[in-house]
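Structural overview for review
The chain contents come next:
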Amino acid sequence: MSNLSLSQTRLPIVPVVLTLAGALLLDFIPLPADIFFWLPKFSALVLIFLALYRPQTFGLFTAFLIGLAVDAGTATPLGQYALAYVTGIFLLQLPGFMSRLNTPARQLIGVLVVLLLIHVLLLFIHAVNQRQLVHLESMLAALSGMLLWPLIDKILKYFFNRFTK
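The name an unreviewed UniProt entry gives the protein chain is Rod shape-determining protein MreD, with Neisseria wadsworthii 9715 as the organism. The protein chain has a UniProt comment under Sequence similarities (unreviewed entry) that states "Belongs to the MreD family."

As structure tokens, this is what we get:
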């Protein structure tokens with residue numbers, strides 16, 4: 001997290017829009033939920049990346065807008081993903097939480113905690129809305145997101161560094 005040139009320069013808008021649009025498109029692929037329950041929300045992973053490396057630019061408002069876009073794109077009740085994403089990014093941007101994410105292992109644990117919070121909120125909202133409990137194996141999406149984090153982190157760092165040079 002320390003040797004990235006993202007923190008010193010201003011990011012152009014084009015790679016940010018391309019990255020968020022790609023993540024939203026990956027989230028909007030209509031896959032059967034009973035088989036692909038383990039897939040993470042890629043928009044949440046991109047939001048975590050942007051909030052980690054550019055917290056002064058990408059924060060709660062960005063999380064709210066992307067959450068509304070996911071709500072609209074997946075035909076869920078409006079505000080469900082927006083609330084979950086804003087809560088997750090709020091936890092991530094707390095000064096005590098952010099200061100502890102200085103090593104790759106701690107970053108993995110931090111990403112897992114944020115993804116678990118997002119999924120627990122989504123499960124709770126779904127349980128209240130539908131009046132039924134959802135299967136807890138969907139929590140594997142947070143674990144798979146944590147396992148994908150090092151790859152996504154490297155790819156996005158490379159992608160953004162190409163545009164900032």
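Further notes follow.
The next subject is the nonpolar core. One finds Ile48, Leu50, Leu52, Tyr85 and Leu92 to be the most contacted residues of the largest nonpolar core, which totals 39 residues. When contributions to this core are tallied by element, the ones reaching two or more residues are α1 (13-28), α2 (42-53), α3 (60-74), α4 (80-92), α5 (95-99), α6 (104-130) and α7 (140-164). Looking at this core, the element that brings in the most residues is α2, giving eleven residues. In contact with Leu92, not counting residues within four places along its chain, are Ile48, Ala51, Leu52, Phe97, Met98, Leu101 and Val114.

Let's shift gears to the environment of Leu112. Examined against the element boundaries, Leu112 turns out to sit in helix α6. Residue Leu112 is classed as partly exposed on the basis of its relative accessible area of 21%. Beyond its immediate stretch of four places on either side in the chain, Leu112 contacts Ala142, Leu143 and Met146.

Turning to the side chain of Gln80, a few remarks are in order. Mapped onto the fold, Gln80 is located in helix α4. Its relative accessible area of 10% is what places Gln80 among the buried residues. Residues within four places of Gln80 in sequence aside, it is in contact with Asp71, Leu122 and Ile125.

With that out of the way, let us pick up the UniProt feature "transmembrane region" (unreviewed entry) in the protein chain. Here the UniProt feature "transmembrane region" (unreviewed entry) sits at residues 12-29, 82-101, 108-127 and 133-152. For residues 82-101, helix accounts for 80% and strand for 0%, while the C-alpha atoms at its two ends are 24 Å apart.

This part takes up the pattern of salt bridges. Within the structure shown, the criterion is met by one salt bridge. Across the salt bridge formed by Lys157 and Asp153, the nearest N and O atoms sit 3.3 Å from each other. You can see Lys157 and its partner Asp153 sitting in helix α7, four residues apart, about one turn around the helix. For the pair Lys157 and Asp153, one class covers both residues: buried.

Here we come to the packing of aromatic side chains. Throughout the structure, instances matching the rule amount to seven aromatic pairs. The interplanar angle of 45° and the centroid separation of 6.4 Å between the aromatic rings of Phe36 and Trp38 together place this pair among those described as tilted. On the basis of relative accessibility, which here comes to 39%, the residue Trp38 falls in the partly exposed class. Geometrically, the ring pair formed by Phe49 and Tyr53 is tilted, given 4.7 Å between the ring centres and 55° between the ring planes.

Our focus in this paragraph is a nonpolar patch on the surface. Together, Leu26, Ile29, Leu31, Ile35, Phe36, Trp38, Leu140, Leu143 and Leu147 give the surface a local cluster of nonpolar side chains, amounting to about 810 Å² of exposed area. The biggest single contributor to the nonpolar patch is α7, with three residues.

Under the 1.5 Å per step criterion, the end-to-end length of α3 is 21 Å for 15 residues, consistent within 8% with the ideal 21 Å. Thr62, Ala63, Ile66, Gly67, Val70 and Asp71 are the residues of α3 that are buried. Where α3 is buried, its residues touch α1, α2 and α4. Following α3 by one or two positions, Ala75 has its phi on the positive side, about 60°.

Analysis parameters
- Residues numbered from 1 in each chain as written.
- Predicted model: local features only at pLDDT ≥ 70, side-chain atom pairs only at ≥ 80, totals over all residues.
- Heavy atoms only, no water.
- UniProt positions renumbered as here; feature names shortened; annotations may be inferred.
- Core = buried A, V, L, I, M, F, W, Y, C linked by side-chain atoms within 4.5 Å.
- Buried < 20%, exposed > 50% of the residue type's maximum accessible area, 1.4 Å probe, protein only.
- Helix = DSSP H or I, 4+ residues; strand = E, 2+ residues; numbered from the N terminus.
- Contact = heavy atoms within 4.5 Å.
- Salt bridge = Lys/Arg side-chain N within 4 Å of Asp/Glu carboxyl O.
- Phe/Tyr/Trp six-rings, centres within 6.5 Å; stacked < 30°, edge-to-face > 60°.
- Patch = residues over 30% accessible without salt bridge, like charges linked within 9 Å, V, L, I, M, F, W, Y side chains within 5 Å.
- Areas by Shrake-Rupley, 256 points an atom, 1.4 Å probe, with all protein chains shown as cover.
- Expected span 1.5 Å × (residues − 1).

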